[in-house]
Structures are given as C-alpha cells and as structure tokens.
Amino acid sequence: MSRRLSALLIALFALGTGWPAHAELVIVAGPRSAITELTREHAEKLYLGRATTLTDGTPVTLMDLPVGPARDDFYLKLAGKNATQIRAYWSRLVFTGRAMPPREADSIAEARQWLADIPNLIGYLDKGDVTPGMRVLLRIP
C-alpha cells in the first residue's frame, strides 16, 4: 500500500471516529512576554477565573481560540469541563461580576499575532501551530 493511500485511510478513519484532531495542546506566551513557566494547577486557576496573576504577582491576559474542537479539547483536558459546562461556568462568573472570560481570537492567525504583540498574554495552541519565538509554558497531552 502506498504512503499516500495509507495517509488517506488514516485521515478518513480519524474523521469517521471523531479521533481528536488536536493531539497535543500547549499553553504559550509570546516572545515579548516575561512569563517563562506555568504549572498545570495555576493554568487551570487562570482559565477558570480563579486567578488573574502569576504566583509572583505578575498580571496576565488570557486568550481563547474561537469556538470549536481545539477550544473544547483544551477545556476538557485542562479543567475536565465540556463546552456546555464551560459556557455555563463563565456565564455565572460574568453575571455575578466575579471575573471576565479570556479574550477570544477570531482565528489561529489572530491568536499568533496577539501572542507576538501583547506582553504577558497567555494562550493555547495546537503544538503544530506554535511559531518560532513563542515560549511553550505547559504541554497538555
């Protein structure tokens, strides 16, 4: 069987079974950011609105990808919440005035641009979407 045919069969299998397209997500910061590391626990606190700064007190801005499989996969892997649960969770926080959700990028390209331009912005991307200069802070397998 040729490599091309094998690749096509694997792709068709993945589409048909709902195999995740985003095998490894990473939390990243841009090259202008002073952020160098992030624990899984603190990342969860940040993305659930329970913290707005790093452990050293550095304020951070959070970025979300557009609604879709990568975003759903991220919240499921990081916080154990599906898309419906995370929307309800953030609706409650915003309604009560306790927190504001992460800033939502319209596309991967916009997310990359924001990461390059905004110091202390933290976002998440598929490992394959990371560009040179970005700092990988945490891998989420």
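Keep in mind it's a predicted model, so treat the numbers as computed, not measured.

**Q** Can you lay out the side chain of arginine 71 for me, pointing to particular residues and giving the numbers?
**A** Looking at the element boundaries, arginine 71 is found in helix α3 (residues 69-79). Side-chain polar atoms of arginine 71 contact the side chain of glutamate 104, separated by 3.1 Å. Look past the residues within four positions of arginine 71 in its chain and what remains in contact with it is Asp64, Leu65, Pro66, Glu104 and Tyr124.

**Q** Talk me through the nonpolar core; I want residue IDs and the actual numbers.
**A** If you look at the biggest cluster of nonpolar residues, it comprises 39 residues, and the most contacted ones within it are Ile27, Leu38, Leu46, Tyr47, Phe74 and Ile122. Looking at this core, the elements with two or more residues in it are β1 (25-29), α2 (40-47), β2 (61-64), α3, α4 (83-96), α5 (108-117), β4 (121-126) and β5 (135-140).

**Q** Please give an account of the pattern of salt bridges that cites residues and values.
**A** Here the structure, examined in full by the defined rule, presents five salt bridges. With a closest N to O distance of 3.4 Å, arginine 71 and aspartate 64 form a salt bridge. Of the two residues, arginine 71 and aspartate 64, both sit in the buried class. The closest approach of N and O atoms between aspartate 129 and arginine 112, which form a salt bridge, is 3.5 Å. Of the two residues, aspartate 129 sits in the loop between β4 and β5 while arginine 112 sits in helix α5, which places them 17 residues apart along the sequence. Since its relative accessible area comes to 21%, aspartate 129 is described here as partly exposed. Here arginine 112 falls in the partly exposed class, since its relative accessible area comes to 30%.

**Q** Break down unusual backbone geometry for me, citing the residues and quoting the values.
**A** A positive phi angle is found at asparagine 120, which is not glycine, with a value near 60°. Note on placement: asparagine 120 falls in the loop between α5 and β4. On the accessibility criterion, asparagine 120 (18% relative accessible area) is buried.

**Q** Could you give me a rundown of the sheet that holds strand β3 (residues 103-104), with the residues and numbers involved?
**A** Spatial strand order, β3-β2-β4-β1-β5: five strands in an open sheet with mixed pairing. The open sheet has two free edges, formed respectively by β3 and β5, since each of these has just one partner strand. Note that β1 and β4 share five bridges and pair antiparallel. Counted as the bridge partner of valine 26 is leucine 125 from β4.

**Q** Quick one: what's the story with the side chain of asparagine 120, residue by residue and with numbers?
**A** A polar side-chain atom of asparagine 120 sits 3.3 Å from the main-chain amide nitrogen of alanine 34. Those residues in contact with asparagine 120 that sit more than four places away from it in its chain are Ser33, Ala34, Ile35, Thr58, Pro59, Val60 and Thr61.

**Q** So what's going on with α5? Residues and values would help.
**A** When α5 is considered as a whole, its buried residues turn out to be Ala111, Trp114 and Leu115. All buried residues of α5 fall inside an arc of 100° around its axis, so they share one side. Against β1, β2, β3 and β4 lie the buried residues of α5.

**Q** Could you give an account of the packing of α2 against α3, naming the residues involved and the relevant values?
**A** When two helices pack together, their arrangement is captured by the angle between the axes and the distance separating the axes. Packing of α2 against α3 brings their axes to within 10 Å, and their N-to-C directions diverge by 125°. By the angle between their axes, α2 is oblique relative to α3. When you trace α2 past α3, the crossing you get is left-handed. Counting all contacts with α2, which are made through Arg40, Ala43, Glu44 and Tyr47, the residues of α3 involved are Phe74, Tyr75, Lys77, Leu78 and Ala79.

Here is what the cut-offs are and how they apply
- Residues numbered from 1 in each chain as written.
- Predicted model: local features only at pLDDT ≥ 70, side-chain atom pairs only at ≥ 80, totals over all residues.
- Heavy atoms only, no water.
- Helix = DSSP H or I, 4+ residues; strand = E, 2+ residues; numbered from the N terminus.
- Polar contact = N/O pair within 3.5 Å; in protein donor to acceptor, adjacent residues only side chain to side chain.
- Contact = heavy atoms within 4.5 Å.
- Core = buried A, V, L, I, M, F, W, Y, C linked by side-chain atoms within 4.5 Å.
- Buried < 20%, exposed > 50% of the residue type's maximum accessible area, 1.4 Å probe, protein only.
- Salt bridge = Lys/Arg side-chain N within 4 Å of Asp/Glu carboxyl O.
- Pairing = 2+ DSSP bridges.
- Arc of directions from axis to C-beta.
- Axes fitted to C-alpha atoms, helices over the stretch in contact; angles between N-to-C directions.
- Parallel < 35°, antiparallel > 145°, perpendicular 65-115°, else oblique.
- Left-handed = near helix turned anticlockwise from the far one by under 90°.

Limitation: the analysis is restricted to geometry and does not speak to function.
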